[in-house]
Amino acid sequence: MSESDTSRHFLRQWIEKDVAEGKTGGKVVTRFPPEPNGYIHIGHAKAVCVDFGMAELFGGECHLRLDDTNPAKESDEYAANIKKDINWLGFQWSGPGDGAEAGFYNASNMFDTMYRIAENLISAGQAYCCNLTQDEWKEYRGVPEKPGRPSPSRDTSPERNLRIFREMKEGKYADGEWCLRAKIDMASPNIHFRDPVIYRIRHVAHYHLGDKWCIYPMYDFAHPIEDALEGVTHSMCTLEFEVHRPLYDWVVDRLDEMGMLVERGGVKIRPQQREFARLNITHTVMSKRLLLQLVTEGHVGGWDDPRMPTVCGMRRRGYTPGAIREFCERVGVSKVESESDPLLLEWCVREELNKTAQRRMAVLDPVKVVIDNFDGVREVELPNNPLDEGAGTRKIPFGREIWIERADFMEEAPKKFFRMAIGQEVRLRGACIFKAASCVKDAEGRIAEIHGTWDPESWGGNAADGRKVKGTIHWVDAATGVAAEIRLYERLFTEKDPLKDGPAGFLKYMNKDSLKLAQGFVEPLLAKAAPGERFQFERTGYFVADEKDFTAGRPVFNRTVSLKDSFKA
RNA sequence: UGCCUCGUGGUGUAAUGGUAGCACCGCAGAUUCUGAUUCUGCUUGUUGGGGUUCGAGUCCCUGCGAGGCAACCA
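Reading the values: the criteria
Residues numbered from 1 in each chain as written. Chains lettered and ligands numbered in written order. Predicted model: local features only at pLDDT ≥ 70, side-chain atom pairs only at ≥ 80, totals over all residues. Heavy atoms only, no water. Helix = DSSP H or I, 4+ residues; strand = E, 2+ residues; numbered from the N terminus. Rg over C-alpha atoms; globule rule 2.2 N^0.38 Å. Buried < 20%, exposed > 50% of the residue type's maximum accessible area, 1.4 Å probe, protein only. Areas by Shrake-Rupley, 256 points an atom, 1.4 Å probe, with all protein chains shown as cover. Lys, Arg positive; Asp, Glu negative; His and termini not counted. Charge placed at Lys NZ, Arg CZ, Asp CG, Glu CD. Salt bridge = Lys/Arg side-chain N within 4 Å of Asp/Glu carboxyl O. Phe/Tyr/Trp six-rings, centres within 6.5 Å; stacked < 30°, edge-to-face > 60°. Near = heavy atom within 4 Å. Polar contact = N/O pair within 3.5 Å; in protein donor to acceptor, adjacent residues only side chain to side chain. Pairing = 2+ DSSP bridges. Expected span 1.5 Å × (residues − 1). Contact = heavy atoms within 4.5 Å. Core = buried A, V, L, I, M, F, W, Y, C linked by side-chain atoms within 4.5 Å. pLDDT = per-residue confidence, 0-100.

Trainee: What is the right way to look at the overall build of chain A in this model?
Mentor: Summing up its helical and strand segments, chain A has twelve helices and 29 strands in all. Whereas a compact globule of 569 residues would reach a radius of gyration of roughly 25 Å, chain A reaches 31 Å, over 25% beyond that. With the C-alpha coordinates aligned to their principal axes, the bounding extent of chain A is approximately 100 × 50 × 40 Å. Per-residue burial for chain A yields a buried fraction of 53% across its 569 residues. Summed over its atoms, the accessible surface of chain A is roughly 25,100 Å², and 49% of this surface lies on carbon and sulfur atoms. Between the centroid of the 80 positive side chains of chain A and the centroid of its 88 negative side chains there is a distance of 2 Å.

Trainee: Please clarify how the pattern of salt bridges should be interpreted in this entry.
Mentor: Pairs can form between side chains of opposite charge whenever their charged atoms are close. A full pass over the atoms with the stated rule returns 51 salt bridges. Note that Asp85 and Arg315 form a salt bridge whose closest N and O atoms lie 3.1 Å from each other. Here the residue Asp85 occupies a position in helix α3 (residues 76–89), and Arg315 occupies one in helix α10 (residues 311–317), the gap between them amounting to 230 residues. Each member of the pair, Asp85 together with Arg315, is buried.

Trainee: What's the story with the packing of aromatic side chains in this structure? I'm lost.
Mentor: Aromatic ring pairs are described here by two measures, namely the spacing of the ring centres and the angle between the planes. Enumeration over the complete set of coordinates arrives at 24 aromatic pairs. Plain terms: the ring middles of Trp403 and Phe521 are 4.4 Å apart, the flat faces sit at 5° to each other, and that makes the pair stacked. Residue Trp403 is found in strand β17 (residues 401–405), and its partner Phe521 is found in strand β26 (residues 515–522); the two are separated by 118 residues along the sequence. Here the aromatic residues Phe111, Tyr115, Phe165, Tyr199, Trp213, Tyr216 and Phe221 are joined through ring pairs into a cluster of three or more.

Trainee: What is the right way to look at the protein's contact with RNA strand B in this model?
Mentor: Residues in close proximity to RNA strand B total 68 residues, the closest being Gln13, Arg202, Glu337, Arg359 and Gly460. Close to the protein, within 4 Å, the atoms of RNA strand B are drawn from sugar and phosphate at a rate of 66%. Asp67 is positioned with one of its side-chain polar atoms (N or O) 2.8 Å from a sugar or linking oxygen of RNA strand B. A distance of 3.3 Å separates a base nitrogen of RNA strand B from a polar backbone atom of Gly176.

Trainee: Looking at this model, I keep getting lost on the sheet that holds strand β20 (residues 425–428). Mind explaining?
Mentor: Whether parallel or antiparallel, the strands of a sheet pair through hydrogen bonds between backbone atoms. Ordered in space as β23-β20-β21-β22-β14-β17-β24, the seven strands form an open sheet in which the pairing is mixed. Each of the sheet's edge strands pairs with one partner strand only, and the pair in question is β23 (472–473) and β24 (475–477). Judged from the three bridges that link them, β17 and β24 form a sheet pairing that is antiparallel. Bridge pairing links Trp403 to Val476 in β24.

Trainee: Is there a simple way to think about the pairing of strand β14 (residues 366–371) in this case?
Mentor: Along a regular strand, successive side chains alternate from one face of the sheet to the other. Counting buried residues in β14 gives five out of six residues, a clear majority hidden from the surface. Strand direction decides the pairing type here: β14 and β17, joined by five bridges, are antiparallel. Bridging across to β17, Lys368 finds its partner in Trp403.

Trainee: When you look at helix α8 (residues 245–257) in this model, what are you seeing that I'm missing?
Mentor: One turn of an α-helix holds 3.6 residues; hence residues three or four places apart share an orientation. Relative to the 18 Å expected for 13 residues at 1.5 Å per residue, α8 spans 18 Å between its end C-alpha atoms, a close match to the ideal helical length. The complete set of buried residues in α8 reads Leu247, Tyr248, Trp250, Val251, Val252, Arg254 and Leu255. Buried positions along α8 lie against α4 (111–123), β5 (179–182), α7 (219–230), β8 (234–238) and β11 (272–276). Of the residues one or two after α8, Gly259 is the one with positive phi, at around 70°.

Trainee: Explanation requested: the pairing of β26 in the structure shown.
Mentor: Bridging between strand β13 (residues 362–363) and β26 involves two bridges; their strand directions are antiparallel. Bridge assignment links Val363 to a residue of β26, and that residue is Phe521. Where strand β25 (residues 482–489) and β26 come together, eight bridges link them in antiparallel fashion. Bridge pairing in β26 places Ala484 opposite Gly520.

Trainee: It is not clear to me how the nonpolar core should be interpreted in this structure. Could you clarify?
Mentor: General note: in soluble globular proteins, nonpolar side chains tend to be found buried as a group. Among the nonpolar cores identified, the biggest contains 47 residues, and Ile42, Phe52, Ile86, Leu89, Met236 and Ile324 are the most heavily contacted of them. Elements with a contribution of two residues or more to this core: α1 (10–20), α2 (42–57), β2 (61–66), α3, α10, α11 (321–331) and α12 (342–356). Residues Met110, Tyr115, Phe165 and Ala228 belong to the second largest nonpolar core, which totals 37 residues.

Trainee: Help me out: how do you make sense of the confidence of the model for chain A in this one?
Mentor: Per-chain confidence: chain A averages 96 in pLDDT, with 99% of residues scoring 70 or above. The ipTM for the predicted assembly is 0.96, set against a pTM of 0.96.

Trainee: Is there a simple way to think about unusual backbone geometry in this case?
Mentor: Residues other than glycine predominantly adopt negative phi, and peptide bonds predominantly adopt the trans conformation. If you check the backbone angles, His283 has positive phi at about 65° while not being a glycine. You can see His283 is positioned in the loop between β11 and α9 (288–296). A positive phi angle, near 70°, is found at Arg539, a position not held by glycine. Among the structural elements, Arg539 can be located in the loop between β27 (534–537) and β28 (541–545).

Rendered as structure tokens:
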């Protein structure tokens, strides 16, 4: 996408201005800082597009930094999959990195430095150790509309606090017994300024550093340090951090006083934070906690269940990285909290797949048709993609017995039913014109088999006498068609806002029909698909060979999205 | 209700004091060997009230509405 095509949203204008004013030292540096405590979802994908996208636009670099400052819920599994998903979306981190890998950082690799900074703060009388219990602290801090009260430890000496902080680090105290607080302003209308906790004791092993630490820095302290020390110029995050910004700036000021800001191109790099609205999509949930609940309670098959809004789930569903990026681009960047319609996402994926996916025929709900006056075997040749001549053609066997879609036949056709009906001509896609004569039903009155005749003058699909046939339906040759499992997905929730009754009640809005299994037949070529390969099943939708379960002996396809259907009875 | 942020068609987003535009959705029609695609047309909007200005979606005041902040989470 060219520069002029992308939106000139407020973050872009902000960076443009800073670049023009020379604040970046010649290089725009951003970062994407996920906590490795879950899989990334479409909401993170928007942040990825913003963070990496802005760096790309300005010819700078975007760091991938795992914000692993709270070991309780973090793991290597999550870390590895976050990296995989970002790469799949089409982005690559760059920059020096804090280890062997360019552009890659762990916040935890900065713990030594953070500890020293904390000590400096204590020495300067700007931080102190506090042993108020959490309940006491809550009471001391007060409520937003009234000033808080100072902790009894607030004015203790740096020497004493240095000692206690060291003892905290050495494991002398239990979780919660002491913490380190920044000394700022107990009367501030901004709660985050009321001497926020910046280090707490957690006797928990860290997935990356093991047992090295039993004290861990808090986000508000760690994040600005990470940004500053990495030389990040523009730190973009979601709206709920807006109230934290003064604290972010406070920490950056302290680093400046300590002479710790990095210099680039003769300019001291002061990281700045700005906030944009997170992506919300109707008919789904986006919180990691709720997604985890869906997984652990077995409501879905896993983080990569194709109904999940996770990046891995969407990949398995058949969404393309391009469609997801296009969606994020079209949704835009602003400060307005909004809810996007999943229809736009669906439009984006159809838009791409229409141009790129090869066409195939598959019958999802089969009923047999016998062409009474047809003998032998023929081959039909159809383009793989009528929109792309380079995609070539393929040959499909055609015989006396075929499968068609149950919904494509009615005994008596209503006025606008252009498909197969008794006495009505219909075209069998690419093959010939067919007229149904009769049907047989089973004991329950269900159509079991349809009989009829073809027009031998119409091979290829057009009548010799030039008469028009309005309807064309797809089919699969019964002799060579391959049985396949086809998974039909719909939205996970029936309710526009599944959280409308609060986070406790969202499960009752789950869509019972979000997954339907179909046993159908597909044209022979489809058995040779590669897992992850995407197709358009003509007249039906876009499908992907399941990346986990597909085998040539047992083809499994997931419906990414249906084709638009304007048929009205 | 202390502080902060935000209000433009059904949805998302432009217009940065000068004709309220684009996209999705929806609706109609044309084309079509996919009821897809493509093409054409249409419906729908600046939160209320004041003010500044030749001129206000934009600036000011005020009301209304929505969201955020009171984890030793991020």
